[in-house]
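# Architecture and fold: a report
Here are the chains, one letter per residue:
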2 protein chains.
Amino acid sequence: MDFYQSNVRFSTIPIKFLVLPLLLLLSSCSDTEKDSNITMSQAFSPVDLVEPLLGTADSRWFYFSSASRPFGMVNLSPDTQKEGTWRSGYRYHKNTIHFFSHIHAWQLSGIPVLPTTGEFKGHLGSDQYGSRFSHDNEMVRPGFHQVYLDDYEINAELTSTTRVGFHRYTFPESEVSHILFDFSTILGPSGSERGYVKMVSDSELEGYVIMEGTLRRPKPVKVFFIAQFDKPFETFAGWQDGKLVEVSDVMEGAAIGAYVSFPTSANEERLMKVAISYVSTDQARLNQQTELAHWNFDQVIVESHNDWNRWLGRIEVEGGTEVEQRRFYTDLWKALQGRRIVNDVNGKYLDMTGDERRTGQIPLDGHGRPLFNHHSSDSFWGAQWSLNTLWHLVYPEVTEDFVNSMLMMYDDGGLIPRGPSGGNYTYVMTGASTTPFIVSAWMKGIRGFDVEKAYEGLRKNHFPGGLMSKAGYEHDTFKGGGIEYYMERGYIPHPLSDTRYGFHQDGPGQTLEYSYQDWALAQMAKSLGKQEDYEMFSDRSQNYRNIWYEEEGWMWVRDHDGQWREPFDVLEYGNGWIEGNAAHYTWWVPHDVPSLADLMGGEQAFNEKLNQSFEYGREHDFVTQRTEDNELRDIRRRNYINYGNQPCMQMAFLFNYSGAPWLTQYWTRQVINTEYAGISPDDGYGGDEDQGLMGALAVLMKIGLFSTNGGSAIEPLYEVASPIFDRITIHLNPGYYPGETFVIETTGNSPESYYIQSAELNGRPLDSPFISHDHVVNGSVLKLVMDSTPNKSWGLSPSP
Amino acid sequence: MDFYQSNVRFSTIPIKFLVLPLLLLLSSCSDTEKDSNITMSQAFSPVDLVEPLLGTADSRWFYFSSASRPFGMVNLSPDTQKEGTWRSGYRYHKNTIHFFSHIHAWQLSGIPVLPTTGEFKGHLGSDQYGSRFSHDNEMVRPGFHQVYLDDYEINAELTSTTRVGFHRYTFPESEVSHILFDFSTILGPSGSERGYVKMVSDSELEGYVIMEGTLRRPKPVKVFFIAQFDKPFETFAGWQDGKLVEVSDVMEGAAIGAYVSFPTSANEERLMKVAISYVSTDQARLNQQTELAHWNFDQVIVESHNDWNRWLGRIEVEGGTEVEQRRFYTDLWKALQGRRIVNDVNGKYLDMTGDERRTGQIPLDGHGRPLFNHHSSDSFWGAQWSLNTLWHLVYPEVTEDFVNSMLMMYDDGGLIPRGPSGGNYTYVMTGASTTPFIVSAWMKGIRGFDVEKAYEGLRKNHFPGGLMSKAGYEHDTFKGGGIEYYMERGYIPHPLSDTRYGFHQDGPGQTLEYSYQDWALAQMAKSLGKQEDYEMFSDRSQNYRNIWYEEEGWMWVRDHDGQWREPFDVLEYGNGWIEGNAAHYTWWVPHDVPSLADLMGGEQAFNEKLNQSFEYGREHDFVTQRTEDNELRDIRRRNYINYGNQPCMQMAFLFNYSGAPWLTQYWTRQVINTEYAGISPDDGYGGDEDQGLMGALAVLMKIGLFSTNGGSAIEPLYEVASPIFDRITIHLNPGYYPGETFVIETTGNSPESYYIQSAELNGRPLDSPFISHDHVVNGSVLKLVMDSTPNKSWGLSPSP
C-alpha cells in the first residue's frame, strides 16, 4: 500500500533530472484554451499526485501512459512487453525496454524507436537490441518519462504534444551511436505488415508503416510519420529480414527497419521530434509544425504539466489521506485518456468505413481549427455507469467531441459506431452502448450536435441492420445481435443459432442491455416529441421481464422454445452472459429498479439478495480476478460480484432505490477500500481498467455521486453515496453550465465514519439520496454529516 | 520448419565449445547398467538428433530440460520466465536469464543460482541481477547447456548426474565475482517461503528452502541441498528483505538469499556441484558423493550423452527426412522425463501423505541400491493412449518403477495416487487413471510387483473413499468424484451439487472415464480369478451407454433427474466435459468401439461422423489452440478434434475398428504433418505436452503402433497405422521380453505414399490392423507395402 509514499522515489533520480519537478512547480497556468474561464486554486497541482505506475504489473496495451496529453494521439512510452492484446506495453516487472513506441490505443500501435550505441543490433530484433533498465534510474510523470538505458549508457527523456513525440537522448562518448526505427516487430495488438522510410535530408526522415489487421479491427491501418533531428546524422541505413542492407535514401518492404548513425561525445544531447498522422506524411509534418515548431524540450514538459493540471484540476479534493488523494487523481487521469485522438490539427482524418481508405475533413471553426476531435475508442459498454456521469458533468466538451465524431462516422459509414479504431468500425462488445451516452448528453443540456441526425442514427441501431443486429466483432454479418427475436418474442434465445457470428452472442445478457438502451432512446423520443417511438421503445424496455425466472428468483437463459436452460446455475460464467453470469446480470435493469424489486418480492427481499451477494463477494475481494491458470479462472468467475469489469458496476448503488441508502454507503466504501485503493504497480482495478471506465467509476464512488440509469432520464438525477473526502469542488465548464462550482462538504468523515446522518442542499435539509442535474450544474453546495453508525431512516424520501 | 536445419547453429558457438560435440562423438557406449544386454548399432547416436529447444516459445515449468538425465531428480537449466504454473521456465523468446535452477518438476521447483561479477545485485531480485543472453552464444543439448551471460561476461556450462547439478563457470578478470543462491524468489509454481544456508567450510554450503504450497500441492515442500566449490571462496554473505546483511556462517529466515565472493583472473574456471535431496542435507551430500565424487566436468557431459543414447537408442529409425528424425527423437526424449525421480541414491524418500513429513525407505537390492525409484509425476490421465504403449513395450523397467512406487505410496497414504508430487498426493485431473496403466503392465507380463496389493489398491480407487470419489485437486473431501451416483444410477449427474469440490467436476466426462477404467479393472479381476469382481466391473463398464443421447447421436449431459441438458451443444467446452466438449468425449469408449459404432447406427454412420469431425478439425489444425485472448479461446475450443491435449488422442485410430483402416492411415499422417512436425522453438505439441504424454503419442503415431484400449485386455493388441519411417527397430529389454527386436519395415513409403497396400508378419500375410503383444515381444518383423492410393480392402479381417 505504501509502495510509493510521498516523494520517496524522486530521491533516487540523478541530480540533473531534479530540475524538472522544480520547473514544473514554477510553471504557471497561463497557457489556456477552451476552458480559459474556469477558475481554479492557483497553488493546487493535482498532476503531481498522479501515479502513472499504478497497476502496471498487469498493463494492457493502451493502459499505461507517460509522455501523452489528455486524449493525445501520441502516447510515447517504453514497451517492456511488445506482443499481446492483453498484458503488453509497459509492464512494471519486466526488465528490458524493447523500444519507445508512439501509439498505445484501442487496436492501434506504431512507430517504435530506440537510441543505441556501439555495434548495431537493430536487425536482430528487440529481444537483442532492447536495453536493460532499472526503476531506480527512471522517472515517470504524466507527460514525461525519463529512463536510463543500461546497455547503452543513454539517458532517454520523452515528452509530447498531442500529436508529436519529443525525445531527448543524452549519449555517452561513442564512435558511433544510432537511432533505430523498427518496422518489422510485433507491437501490442498488431504485427508490422510493411514499412517505408525515406531520408528527406540529413536531419529528417519520413515514411509509414502498415500495421496488420486484427480479429477486432480486420483492416490494416497505415500510420504515417516524420522524424526530425536537431543535429544532422552521418549515415542512413536499414535492414530487411534480419540482415543489414545499405540504402541510398529509401528503405521499403516487409520486415524492414531503418536507422541513422552519428558519433557522440560524452553527455551529448540529441533531440528528435516524431509526428504522427493516419492520413499522410505531409499531414504528420503539418501536425509537427503546428504543435511543435521549436526545440525547447523543457518548455514542452512544462506545457504538458500545465495541460494535465488544467484537466485534472476540474475536481479539487481536500481531506482523505495522501495515498487516497494520489489514487484519486490517478483514477481521474485514467478517465482522460485511453480513448485517443486520431485526427490531424487541421481536422483531416482517416475514414476506413468504406471499401477504400478515404481522407475525411472535420468541420473547422473561424481559425481553421476542427470543431471537434475524432477518436479511437473502445466501446461505451458500461459507460452508463462511468463516463456518462463523469464526462458529461465535468468535461462536457469531451462528451460533445465524442458525440459529434460518432455522428460524423454515421455519415461516413452508415452506423453510429461501437468502438471506432483509426476510422474503422470494430464492433467491440454488444448492443447499442452509444445510445445512453448520447441521450444522457442531450438530457444534460450538451447540445452542440445535430440532434435529429443523432436520433435517426441511434434509432437505426435499435432495429435489424443496426448495432442491435451485431454480436461482438461481428464484422461482416448482421445476425448475432438477435434483435428480430427481441422484437418478436421479447427476448433473445440462447443459443441463437448453430452458427456463431462474432463473439459474445449471449441472448439473455443482450436482452437486458437492449431493454435499458430502448428505455434511454424512449426518453429521447419523448424529449423530441416523437410520441409513437416513445411508446414503442418504452414497451420494448420492459423486455427484461421475459427472462425473469420466477421459480429461481434470478434472470435466466431461455432457448428458442421458451424453455429455461437446465440446470439453473446462477454462477455459470458466459454461456448467455457477456463476461459475467446470471448473478451479475440479474441487477442489470438500471431504468426500472423498483420493478425489479417488485419481481423479487419487494424491497426487503431485494435488499437481502443484494446484500448477500455483497457478503459473498467480499470474501472474494469483489472481483473475478484475472489469472492465466485455467482452473483458478473457472473458480474465481463463480462470484456474485465483479468490480473488475463493467457488467455490474451499479450494484452497490441500488440500495438507494430500495430504502437502504446506508447499505450503498457501506458497500461502496468496502469496494473502494478493497479494489480501488493503493498506488503501487501491483494495485490497480482488479481486472480490466478499459480506457477510463473503471477509473471513472472509482472517481464517482470516491466523490459519492452516481447515476444508475446513466443520466438518460428526461430529468437526470445523481445518486449520493459516501464521499471519502472532506470537501470536493467540481469546477463546472461555463460554456455549458450556469453554476461556477458544485461543492460536496462532509463533516465527521473518517475511515470508520462513512454513514450519512443528515444532509443539506444549499442550506435546506435533504432527506433523499437523489439530486437533480439542474441543482448540480446551477452551482449547489451539498453538505453531509457523517457518522460511524448508520442512520437507517435517512434518505428514504422519494426522489424529487 | 527448417529453423534448425542440420548443424547450422553449432557454427556460431565459440571455438572452445566445439570440443564438446567432438568429445561426445568419440565417447563409447561402454558405461552400461540395467540394460547391458540390449544390442544397438554402434555408430548410431540419436541424442545428437534431439532438439531441446522445440516448443520452448511456450514452455510450461517442467517442459524444458537441458542438464538432466532420464527422469533425473536434478533438471538444471536457465529460467527466462520465473513465475507461473504455465508459460514459465525456459521460454525461448525472453532475453534475460534470471538464474539456473535445479528442479523443474510437477509442482516442484528449487535452488536457483547465478554467477555474477562486479557490484553485487542479488538482493535487488532477479529482474535486476538476471543477465541478458543471446541464442547465438548458447548451446543446448540433452545433458548439457552452455550460455554466455552478457551482463557479466561469464560463460556458464551446466551438466548433471541424476541427483547432482554440475556447473562450470568461466569468469572474466574481476576484483570480485560471486555465486548467489536466491531463496526469496518465486520459482514456477511456488514461492519461496523461507530458507536456511550454512557455510560448512570455505568451499561448501548446505541448507534448504521451503517452497510454498500451491493450489495443486497444498503442503509446502522442503528442498535440501549442498553446494561444493572446487576452489575456496573469500567471503560468505547474504541478504534479507531486499537488504544486504553480514553473516558469520548461517543465514536463515524468510525472503533471504546468500552468496559467496572471490576475485577472478581472466578466463578463470570455477566449478560447483549442487546436490539435492527432499530428505536432508546429509542425504544431499550422500547423493553427491555417490554420483559425483570427482571434478571432471567433461567426463560428466560424456556420461550424460551416453546415458541418453542408451535410452533413446531403444528405438532406431531409418528413412524419413532429417527433420522428421530430429523431431522423432525429440518426441521420444520428451517421453523420458517430466516425471522426475524424487528418492535419494540409497532409497530414502520424502513421504508427505500423513500429517507429518516422514522419511521412507525403498527396499534395497543386494548392493544397497533401491529396487525401484519414486517419482514426482503428473497423473496418468491419457496415459492409456501414450505411456501405456510406449513405456510398457520399450521401457518396461520404467513401468515397473512407477508401479512399485505407486504401491509404496498406497502403503504410505492408503491410496494409489493420481499425480504424486514430492511425496504428496496432488489429485491432478479425474478418475482412477492409474488403473489401466497398472493393468496393462500386468497383462503385458511386467510382473515385478505385488499384484494382489495392486489389485486391492486399484479396487479401492473404484469405490467411495477412493480416487473415483475425488474431483481434480479435491484434497480434503471425497465428494466431487460422484462414484455413488455412477454406481446407483449408472451415470454421474451434472452439475453434481451446488458445492464445488475441487475442479473438473464434470459428470458425463467422469462417467466415460470410469466406464473404461472399470473395464480395465475387470480384465485384471478375470486374470486373477476374481469372477464376481469381473462381472461387477464388466457391468459397470457399460455405463457409458447411459449418457448416450440417442436423439442427437452424441454423448451428452444429464442432470439429477435424468434430463438431458438443454440446449444441446456438442461443441460447448467444459461444463460437463473435462478440458473438452461432447464432440471430443463421445469417442471416449476405448474398450467397446464396436458397440459405440452400433449406437451410432453402424460402421458407416460411425465412419461418416468421425471423418466429418476430422474434416472440420483439419480446418482448425486439429487443435483447440491455447491463447491468452479470452474471446479467441472460446472460439478455438469449439473444435471437433483436439490433438493438443489428452481427451481424444485415440480418435484417428478408431477407423481400424470400423472397417476403414485406410482412414486411420490417412488421418494419423495429417495430424503428424500438422501438429507433430517441425523442430523450432515455435513448433511444439499444439497445447500441453504434459510430461511425456504428447511426446509418447507422437512417437506412437510415427512408428504406426497404437492401442485404443490401452493394452489392458487379457491379450493386449497393437493397432497398426502408417509409420513414417522406412525401418523401425525396437530393441526389447531382455529382462522382460523374449525377442531381441521388433522390426517394422515399409516399402514404397513417402510423404504422398502412406496407405498400406499389403502386410506381412514374420513372412506370413497379415490382413488385419491388429497384432498381438505376444507377437511383438517375441521378436517379429512386420513388413508393410505402402502406396499413394488406399487399399480399402486391406485390414478388414477380424483381430486375431
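To keep things clear, this report deals only with the structure shown in the data block.

What counts as what
- Counting of residues starts from 1 at the beginning of each chain's written sequence and follows it residue by residue.
- All chains are assigned letters beginning at A, and all ligands numbers beginning at 1, according to the order in which they are written.
- The predicted nature of this model means local features are confined to residues of pLDDT at least 70 and side-chain atom pairs, given and counted, to a pLDDT of 80 or more, with totals for whole chains, interfaces and linings taken over all residues.
- Hydrogen atoms and water are omitted, and side-chain values are computed over all heavy atoms in the structure.
- The secondary structure listing takes helices from DSSP runs of H or I that are at least 4 residues long and strands from runs of E that are at least 2 residues long, numbered from the N terminus.
- Only C-alpha atoms enter the radius of gyration, while the globule expectation follows 2.2 Å times N to the 0.38, with N the number of residues.
- Buried, partly exposed and exposed residues are distinguished by accessible area as a fraction of the type maximum, computed with a 1.4 Å probe on protein chains only: under 20%, between the cut-offs, and over 50%, respectively.
- Whether two residues touch is decided by their heavy atoms; if any such pair falls within 4.5 Å, the residues are in contact.
- Here the open area of atoms and residues is found with the Shrake-Rupley method and a 1.4 Å probe, where only the protein chains shown may cover a residue.
- The charged-residue count follows a simple rule in which Lys and Arg add positive charge and Asp and Glu add negative charge, with His and chain termini not counted at all.
- In plain terms, the charge of a residue is placed at NZ if it is Lys, CZ if Arg, CG if Asp and CD if Glu.
- The least-squares superposition of copies is restricted to C-alpha atoms, and to residues with a pLDDT of at least 70 in both copies.
- Lines are fitted to the C-alpha atoms to define the axes, a helix being fitted only along its stretch in contact, and any angle between axes, read from their N-to-C directions, falls within 0 to 180 degrees.
- Each helix crossing is assigned a hand: it is left-handed if the near helix lies turned anticlockwise from the far helix by less than a right angle, otherwise right-handed if that turn is clockwise.
- Residues were grouped as follows: Ala, Val, Leu, Ile, Met, Phe, Trp, Tyr, Cys and Pro as nonpolar; Asp, Glu, Lys and Arg as charged; and all remaining residues, including Gly, as polar.
- Accessible-area loss on putting two parts together, using a 1.4 Å probe and summing over both, is the definition of buried area adopted here.
- Only one rule defines a salt bridge in this text: a Lys or Arg side-chain nitrogen within 4 Å of an Asp or Glu carboxyl oxygen.
- Polar contacts, as counted here, are pairs of nitrogen or oxygen atoms within 3.5 Å of one another; within protein the pair requires one atom able to donate a hydrogen and one able to accept it, and residues that are adjacent in sequence qualify only if both atoms are side-chain atoms.
- For two strands to pair, DSSP has to find at least two bridges joining them.
- Any angle between 65 and 115 degrees counts as roughly perpendicular, while under 35 counts as roughly parallel, over 145 as roughly antiparallel, and the rest as oblique.

The subject of this paragraph is the overall build of chain A. Looking only at helices and strands, one finds 19 helices and 34 strands in chain A. Radius of gyration (C-alpha) of chain A: 26 Å, near the 28 Å computed for a compact globule of 800 residues. Viewed in the frame of its principal axes, chain A has a C-alpha envelope of about 80 × 60 × 55 Å. Relative to its 800 residues, chain A shows a buried fraction of 68%. For chain A, long-range pairs separated by at least 24 residues make up 71% of all intrachain contacts whose partners lie at least 6 apart in sequence. Total accessible area on chain A stands at roughly 24,900 Å², and carbon and sulfur atoms take up 47% of it. Positive and negative side-chain charges in chain A, numbering 65 and 105 respectively, have mean positions lying 2 Å apart.

What follows deals with the relation of the copies chain A and chain B. For the pair chain A and chain B, the superposition axis carries a translation of 0.0 Å, the fit reaches an RMSD of 0.0 Å, and the rotation angle comes to 180 degrees. The relationship between the two copies is best expressed as a two-fold rotation axis. In terms of C-alpha distance to the rotation axis, chain A has Glu566(A) as its closest residue, with the C-alpha 2.9 Å off the axis. The share of interface residues of chain A whose copies in chain B are also at the interface is 100%, consistent with both copies meeting through the same surface.

In this section: the packing of helix H6 (residues 387-394) of chain B against helix H8 (residues 434-443) of chain B. All names here are of chain B. Where H6 meets H8, the axes come as close as 10 Å, and the angle between the chain directions of the two elements is 35 degrees. The way H6 lies across H8 gives a crossing that is right-handed. Contacts between H6 and H8 involve Leu387, Asn388, Trp391 and His392 on the former and, on the latter, Pro436, Phe437, Ser440 and Ala441. Of the residues that constitute the contact of H6 with H8, the class distribution is five nonpolar, three polar and no charged.

Our next topic: the interface of chain A and chain B. The interface is formed by 45 residues belonging to chain A together with 45 residues belonging to chain B. Summed over both partners, the interface of chain A with chain B buries about 3,500 Å², with 41% contributed by carbon and sulfur atoms. Where chain A meets chain B, there are six salt bridges. Where Arg216(B) meets Asp629(A), a salt bridge forms, and the shortest distance between an N and an O atom there is 2.8 Å. At the boundary of chain A with chain B, the tally comes to 18 residue pairs in polar contact (both at pLDDT 80 or more). Listed by contribution, the elements that provide at least two residues to the side of chain A that touches chain B are helix H2 (126-129), strand E5 (131-132) and helix H16 (630-636) of chain A.

Next up on the list: the side chain of His591(A). Residue and element names in this part refer to chain A. Mapped onto the elements of the fold, His591 is located in the loop between helix H13 (582-585) and helix H14 (593-599). Among the polar contacts made by the side chain of His591, one reaches the main-chain carbonyl oxygen of Ser541 at a distance of 3.0 Å. Residues within four places of His591 in sequence aside, it is in contact with Ser515, Tyr516, Trp519, Ser541, Tyr544 and Asn709.

All names here are of chain B. Reading across the sheet, the three strands line up as E27-E28-E33 and stay open at both edges, with antiparallel pairing between neighbours. In this open sheet, the two edge strands, each paired with only one partner strand, are strand E27 (705-706) and strand E33 (770-772). Bridge count between E27 and strand E28 (residues 717-720): two bridges; the pairing is antiparallel. Bridge assignment links Phe706 to a residue of E28, and that residue is Glu719.

What follows deals with the packing of helix H8 (residues 434-443) of chain A against helix H9 (residues 451-461) of chain A. Angle between the axes and distance between the axes are the two parameters that describe a pair of packed helices. All names here are of chain A. The N-to-C vectors of H8 and H9 enclose an angle of 155 degrees; their axes lie 11 Å apart at closest approach. Taken together, the axes of H8 and H9 lie roughly antiparallel to each other. Every pair of crossing elements has a handedness; the one defined by H8 and H9 is left-handed. Seen from H8, the contacting residues are Thr434, Thr435, Ile438, Val439 and Trp442; seen from H9, they are Val451, Ala454 and Leu458. Residues that form the contact of H8 with H9 fall into these classes: six nonpolar, two polar and no charged.

All names here are of chain A. Spatially, the seven strands line up as an open sheet ordered E1-E3-E4-E10-E18-E15-E16, and their pairing is antiparallel. Pairing within the sheet leaves two strands with one partner each, and these edge strands are strand E1 (77-79) and strand E16 (243-245). The average angle at which neighbouring strand axes cross in this sheet is 30 degrees, direction not considered. As judged from the five bridges shared by strand E4 (residues 108-117) and strand E10 (residues 174-183), these two strands associate in the antiparallel manner. Bridged to Thr117 within E10 is Ser177.

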